[in-house]
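Listed below are the residues making up each chain.
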Amino acid sequence: MTNDTALLVMDVQNAMVSRVDDPGCLPRLARAVAAAREAGVQVLHVVIGFRSGHPEAHPRNKSFGALPSGAFTADDPGAAIHPDLAPRPDETVVTKKRVSAFSGSDLELVLRSRGIGHLVLTGIATSGVVLSTLRQAADLDYRLTVLADACYDPDPEVHQLLTAKVFPRQADVVTIDEWSTTLG
């Protein structure tokens, strides 16, 4: 089960984490990453990143067109992956240019090259990167699992609605502990 599975740890960057209003969020994410590593599941880190001057972000884009100059560039400390979830040297970091982990990135190439057919989704925010990635991954025929307690949204009601009503249409939605027991 684990050789074709990848855990995606998405948008766990300092700027995103600084807005998280849940002290248990990072420890839960770290538990999911530890379980994956112990079971030999590939861990992929997905981050948002732009070139200096943001040539990839059109002003019409409400999310990215309004970013301050220098935000989410190589020189921005807020763009760094939070140290509690720092990638190991053998773990791939994928840089995306939009909300979905697939948009503007080489994620699909990395997954295909590694024979990955099952994605386990985690990240900040449930209504952002997790939702967008789930929808696109489902259209690309990936088997999907969402770790509900390893996702965070600033609106708990939206998180609950997505994980209880929307995501189950395209993914198995489980807790970290439930998923961990399936790893053997």
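Only a predicted model underlies this, so the values are computations on that prediction, with no experimental measurement involved.

(A) Seen up close, the pairing of strand E5 (residues 143-152). Counting buried residues along E5, eight of its ten residues qualify, which places the element largely inside the surrounding structure. Where strand E4 (residues 118-124) and E5 come together, six bridges link them in parallel fashion. Residue pairing for E5: His 118 is matched across the bridge by Arg 143. Handedness of the crossover is the feature at issue here: the chain leaves E4, passes through helix H4 (residues 126-139), returns alongside E5, and the resulting connection is right-handed. Pairing of E5 with strand E6 (residues 172-174) involves three bridges; the strand directions are parallel. Considered in E6, the bridge of Thr 145 is made with Asp 172. What joins E5 to E6 is helix H5 (residues 156-166), and the crossover it makes is right-handed.

(B) Structural detail: the state of the cysteines. One pass over the full model with this rule turns up zero disulfides. In this structure Cys 25 is a free cysteine whose sulfur lies 8.8 Å from that of Cys 151, the closest cysteine sulfur available.

(C) Quick peek at the nonpolar core. In this structure, Leu 7, Val 12, Leu 29, Phe 72, Ile 124, Leu 147 and Trp 179 are the most contacted members of the largest nonpolar core, which totals 33 residues. Of all the secondary-structure elements, those providing two or more residues to this core are strand E1 (5-10), helix H1 (14-17), helix H2 (25-39), strand E2 (42-48), E4, E5 and helix H6 (176-181). Per-element tally for this core: the top contributor is H2, with seven residues. Those residues in contact with Leu 29 that sit more than four places away from it in its chain are Val 12, Leu 85, Thr 122, Gly 123 and Ala 150. Counting 27 residues, the second-largest nonpolar core is a separate cluster that includes Leu 111, Tyr 142, Leu 144 and Ala 171.

(D) Summary view of the environment of Val 120. Tracing the chain through its elements places Val 120 in strand E4. Classification of Val 120 as buried rests on a relative accessible area of 0%. Spatially, the C-alpha atom of Val 120 lies 25 Å from that of Phe 50, the residues being 70 residues apart in sequence. Setting aside chain neighbours within four positions, we find Val 120 in contact with Thr 5, Ala 6, Leu 7, Leu 8, Thr 145, Leu 147 and Trp 179.

(E) How the structure looks around the side chain of Glu 56. Relative to the helices and strands, Glu 56 is located in the loop between E2 and strand E3 (92-96). Ignoring sequence-local partners within four residues, the contact set of Glu 56 consists of Phe 50, Arg 51, Lys 97 and Arg 98.

(F) Quick peek at the environment of Pro 87. Tracing the chain through its elements places Pro 87 in the loop between E2 and E3. Pro 87 sits in the partly exposed class, given a relative accessible area of 30%. In this structure, the C-alpha to C-alpha distance between Pro 87 and Asp 106, residues 19 residues apart in sequence, is 18 Å. Those residues in contact with Pro 87 that lie beyond four places of it in its chain are Arg 37, His 45, Ile 81 and Val 93.

(G) Region of the structure containing the packing of H4 against H5. Close contact between H4 and H5 brings their axes to 10 Å; oriented N to C, the two are set at 20°. The orientation of H4 with respect to H5, classified from their angle, is roughly parallel. Crossing of H4 over H5 shows left-handed handedness. For the pair formed by H4 and H5, the contact residues are Thr 126, Ser 127, Leu 131 and Arg 135 on the first element and Val 158, His 159, Leu 162, Thr 163 and Val 166 on the second. Taken together, the residues of the contact of H4 with H5 sort by class into four nonpolar, four polar and one charged.

(H) View of the sheet that holds E6. What the six strands build is an open sheet, ordered E3-E2-E1-E4-E5-E6; its pairing is parallel. Two strands close off the open sheet at either side, each with one partner strand: E3 and E6. Averaged over all adjacent pairs, the angle separating strand axes in this sheet is 25°, with direction ignored.

Definitions and limits used
- Once a new chain begins, its residue numbering starts again from 1 and follows that chain's sequence as written.
- Local features in this predicted model are restricted to residues whose pLDDT is 70 or higher, and side-chain atom pairs enter the listing and the counts only when it is 80 or higher, whereas totals over whole chains, interfaces and linings include all residues.
- In computing side-chain values, all of the structure's heavy atoms are included and hydrogens and water are not.
- Per-residue accessibility, obtained with a 1.4 Å probe over protein chains only, is compared with the maximum for each type, and a residue is labelled buried under 20%, exposed over 50%, and partly exposed between these values.
- By definition, any uninterrupted DSSP run of H or I lasting at least four residues is a helix, any uninterrupted run of E lasting at least two residues is a strand, and each is numbered from the N terminus.
- Following DSSP output, two strands are said to pair if at least two bridges run between them.
- Place the viewer so that the strands point away; then a crossover is right-handed whenever the path from the first strand over the helix to the second strand goes clockwise.
- Here, two cysteine sulfur atoms that lie within 2.5 Å of each other are counted as a disulfide.
- Residues enter a nonpolar core if they are buried and are Ala, Val, Leu, Ile, Met, Phe, Trp, Tyr or Cys, with the set joined through side-chain atoms within 4.5 Å.
- Any two residues whose heavy atoms approach within 4.5 Å are treated as being in contact.
- Angles here are taken between N-to-C directions and fall from 0 to 180 degrees, while the axes themselves are lines fitted to C-alpha atoms, restricted in helices to the stretch in contact.
- Angle categories are assigned with fixed cut-offs, so that under 35 degrees is roughly parallel, over 145 is roughly antiparallel, 65 to 115 is roughly perpendicular, and the rest are oblique.
- For any pair of crossing helices, the crossing counts as left-handed if the nearer helix is rotated counterclockwise from the farther one by less than a right angle, and right-handed if it is rotated clockwise.
- Each residue is assigned to one of three groups, with Ala, Val, Leu, Ile, Met, Phe, Trp, Tyr, Cys and Pro labelled nonpolar, Asp, Glu, Lys and Arg labelled charged, and all others, Gly among them, labelled polar.

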